[in-house]
Amino acid sequence: MALTFGYSRFRIHPLLFLLFVIYFAAGMIERAAAAFAALLAHEAGHLIAGRRLGAVTGRIELLPFGGITYVENVNALSLTGQIAFALAGPATNLLLFCAGLGLVRYGYLTGKTGQFFLTVNLLLAAFNLLPGLPLDGGRVLAAFLSRKKGLYRATYLGARLGQFTGLLTFAGGVLGPLSGRWGLDVAGVGLFLIWAATRELRFAPYLFLRQLLAKEREFAAARVLPGTVLVALEEARLLDVAHLFRPGSFSFVVVTDYRGEWKGVLSESAVIRALTTGGGSIKIGAILPAATQHEGPRL
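From a predicted model like this one, the values you see are computed outputs, not experimental measurements.

Some points on the overall build of the chain
The helix and strand tally for the chain stands at ten helices and seven strands. Dimensions of the chain along its principal axes, counting C-alpha atoms only, are 80 × 40 × 35 Å. Classification of the 299 residues of the chain by burial places 40% in the buried group. Put simply, 60% of the contacts in the chain that link residues at least 6 apart link residues at least 24 apart. Summing over all exposed atoms, the chain offers an accessible surface of approximately 16,200 Å²; the carbon and sulfur share of this is 66%. Here the chain contributes 28 positive and 16 negative side-chain charges, whose respective centroids are spaced 6 Å apart.

Written out as structure tokens, the structure is:
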């Protein structure tokens, strides 16, 4: 089911409705409504932050144990912008927690439902700050790592951490009922996180290619970007070189032979064009312009 509000679409997964039916039959519809409100506010926080930062926001998808806000060009944002976008969701839940705490103290929010509303917002904020994709803490970690290791490696590491976090959450959810501390819904959250992290891992090459193709537009819009210099043997594959390109900077690749002798230099744009037209297995030495081969650097 999809609902459209303004320029964004909200998609509600059918299993979420089934979960509401289960909660209704169990007499816990008020808790389900409180959890739904906290989750919707969390994703709306991302959506609003993305628009304020100038990102192209797509849709919000609400799933039985989480939500996803789709943004087209989040990696084109500055490091500060990416962190602000990622932290907007947990910050929204913390604001709701503080507001709810005030309502409880003044007697406007009472009973177990009120306490559950406080708990679910606090847990949602804390859980999303864990350092694994697609959690918000994982987005922050990937934003930092992409400046050091490139977007592909940062996404790969963040997704693996997300799978590990999901596995730990699932194990805790299975053991929880034995101790009487929580129900099997925690195990469901763990399974959702494993699935979402695996999807991040599967789509990492696509995100990487999209970032490469958007680099020239990013350069034209910024007019000035920090520069980085990479040194590669002429036998290095284009894909291995491109994995080191970083968001928010423009790279030049110095190509050498095995003795470290200068063979030529290529811009990031030249590598990307060769990668998209010829494939990632091409050796970088093969795309050197003839005029630059065997020519030393000019000062």
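Text resumes after the structure shown.
Notes on the packing of aromatic side chains
Applying the stated criterion to the full structure yields five aromatic pairs. Aromatic pair F250 and F252: ring centres 5.5 Å apart, planes at 70°, arrangement edge-to-face. The class for F250 is buried, based on a relative accessible area of 7%. F252 sits in the partly exposed class, given a relative accessible area of 41%. Clustering of aromatic rings is evident, with ring pairs tying together F219, F250 and F252.

Quick notes on the pattern of salt bridges
Under the definition given, this model contains four salt bridges. Two residues, D240 and R237, come together in a salt bridge whose shortest N-O distance is 3.1 Å. When its relative accessible area of 33% is taken as the criterion, R237 is described as partly exposed.

Observations regarding the environment of K112
Locating K112 in the fold gives a position in helix α4 (residues 111–128). For the pair K112 and G280, spaced 168 residues apart in sequence, the C-alpha to C-alpha distance is 57 Å.

Remarks on helix α3 (residues 79–105)
If you check α3, its first and last C-alpha atoms are 39 Å apart, about what 27 residues at 1.5 Å a residue would give, namely 39 Å. Of all the residues in α3, the buried ones are G81, Q82, I83, F85, A86, A88, G89, P90, T92, N93, F97 and G100. Buried residues belonging to α3 abut α2 (29–52), β4 (66–71), α4 and α5 (136–149). One or two residues past the end of α3 sits G107, with phi positive at roughly 85°.

Looking at the nonpolar core
Counting 17 residues, the largest nonpolar core has L212, F245, V253, V271 and I284 as the members making the most contacts within it. Among the secondary structure elements, those contributing two or more residues to this core are α8 (204–222), β5 (227–233), α9 (238–242), β6 (250–256) and α10 (268–278). The leading source of residues in this core is α10, at four residues. Residues contacting I284, with those up to four places away along its chain left out, are L233, E234, A236, L238, V241, V253, V255, L266 and V271.

As for the pairing of β6
Counting buried residues in β6 gives six out of seven residues, a clear majority hidden from the surface. Bridge analysis of β5 against β6 gives seven bridges, and the strand direction is parallel. Paired with V231 across the two strands is V254, which belongs to β6. Of the pairings in the sheet, the one linking β6 to strand β7 (residues 262–267) comprises five bridges and is antiparallel in character. Within β7, the position partnered with V255 by the bridge is G264.

Observations regarding the confidence of the model for the chain
Per-residue pLDDT for the chain has a mean of 85; in total, 91% of the residues score no lower than 70. Below a pLDDT of 50 lies the segment residues 2–7, which in the model reaches ten contacts outside its immediate sequence neighbourhood of four places, other chains included.

Considering the pairing of strand β3 (residues 57–63)
Most of β3 is tucked away: five of the seven residues are buried. Across five bridges, β3 lies against β4 in antiparallel orientation. Paired with L62 across the strands is G67, a residue of β4.

As for helix α7 (residues 185–202)
For α7, which comprises 18 residues, the first-to-last C-alpha distance of 26 Å matches the rise-based estimate of 26 Å (1.5 Å per residue) to within 8%. Those residues of α7 lying buried are A187, G188, G190, F192, L193, A196, A197, R199, E200 and L201.

Comments concerning the environment of M28
Here M28 lies in the loop between α1 (14–25) and α2. Placed 85 residues apart in sequence, M28 and T113 show a C-alpha to C-alpha distance of 9.3 Å.

Rules used throughout
- Residues numbered from 1 in each chain as written.
- Predicted model: local features only at pLDDT ≥ 70, side-chain atom pairs only at ≥ 80, totals over all residues.
- Heavy atoms only, no water.
- Helix = DSSP H or I, 4+ residues; strand = E, 2+ residues; numbered from the N terminus.
- Buried < 20%, exposed > 50% of the residue type's maximum accessible area, 1.4 Å probe, protein only.
- Contact = heavy atoms within 4.5 Å.
- Areas by Shrake-Rupley, 256 points an atom, 1.4 Å probe, with all protein chains shown as cover.
- Lys, Arg positive; Asp, Glu negative; His and termini not counted.
- Charge placed at Lys NZ, Arg CZ, Asp CG, Glu CD.
- Phe/Tyr/Trp six-rings, centres within 6.5 Å; stacked < 30°, edge-to-face > 60°.
- Salt bridge = Lys/Arg side-chain N within 4 Å of Asp/Glu carboxyl O.
- Expected span 1.5 Å × (residues − 1).
- Core = buried A, V, L, I, M, F, W, Y, C linked by side-chain atoms within 4.5 Å.
- Pairing = 2+ DSSP bridges.
- pLDDT = per-residue confidence, 0-100.

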